[in-house]
Amino acid sequence: MFQIKTLIGRRFHQSYTIQGVAALLRRHGWSCQVPARRAIERNEAAVAGWVKETWPQVEGPWRRSTPGSSSRTRPASRWALPRFP
């Protein structure tokens, strides 16, 4: 659960408690079960090829295209600024 909590925090910048993560997973039909063994039909060569070729396109780059900010606060959006007629 802790790893999922950390992943949610890093990817979506949201903080959940362990109980909150468990409730979120249950709500979406997930459980904490881990498979005991791999499938007999698993094709390791196909999996390795998919991880090498397809996964980088799905995941995208780790770095931002523009420099980020070292500030821990969220930058103000343009809608947060006062509007004058």
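Residues numbered from 1 in each chain as written. Predicted model: local features only at pLDDT ≥ 70, side-chain atom pairs only at ≥ 80, totals over all residues. Heavy atoms only, no water.

When you go through the chain residue by residue, the secondary structure sums to 4 helices and 0 strands. Starting at the N terminus and walking to the C terminus, you meet the elements of the chain as α-α-α-α. The burial tally for the chain puts 5% of its 85 residues in the buried class. Total accessible area on the chain is roughly 8,900 Å²; 57% of this is exposed by carbon and sulfur atoms. (Helix = DSSP H or I, 4+ residues; strand = E, 2+ residues; numbered from the N terminus. Buried < 20%, exposed > 50% of the residue type's maximum accessible area, 1.4 Å probe, protein only. Areas by Shrake-Rupley, 256 points an atom, 1.4 Å probe, with all protein chains shown as cover.)

We now examine the packing of helix H1 (residues 2–12) against helix H2 (residues 18–27). Taken N-terminus to C-terminus, the directions of H1 and H2 make an angle of 85°; their axes are 9 Å apart at the nearest point. Considering the angle they form, H1 stands roughly perpendicular to H2. Across the interface between the two elements, Phe2, Ile4, Lys5 and Ile8 from H1 touch Ile18, Val21, Leu24 and Leu25 from H2. Residue composition of the contact of H1 with H2, grouped by class: 7 nonpolar, no polar and 1 charged. (Axes fitted to C-alpha atoms, helices over the stretch in contact; angles between N-to-C directions. Parallel < 35°, antiparallel > 145°, perpendicular 65-115°, else oblique. Contact = heavy atoms within 4.5 Å. Nonpolar A, V, L, I, M, F, W, Y, C, P; charged D, E, K, R; others polar.)

Attention shifts here to the packing of aromatic side chains. Enumeration over the complete set of coordinates arrives at 1 aromatic pair. Relative to Trp55, the ring of Trp50 lies with its centre 5.9 Å away and its plane at 35°, an arrangement referred to as tilted. For Trp55, a relative accessible area of 35% gives the class partly exposed. (Phe/Tyr/Trp six-rings, centres within 6.5 Å; stacked < 30°, edge-to-face > 60°.)

Here the structure, examined in full by the defined rule, presents 1 salt bridge. Residues Arg42 and Glu44 are paired through a salt bridge, measuring 2.8 Å at the closest nitrogen-oxygen approach. (Salt bridge = Lys/Arg side-chain N within 4 Å of Asp/Glu carboxyl O.)

At His13, a residue that is not glycine, the phi angle is positive and equals roughly 55°. Checked against the element boundaries, His13 lands in the loop between H1 and H2.

Those residues of H2 lying buried are Val21, Ala22 and Leu25. Viewed along the axis of H2, the buried residues span an arc of 100°, placing them on a single side of the element. Residues of H2 that are exposed and angled more than 90 degrees away from the buried face: Gln19 and Arg27. Here the buried face of H2 lies against H1. Among the residues trailing H2, Gly29 stands out with phi positive, at a value near 85°. (Arc of directions from axis to C-beta.)

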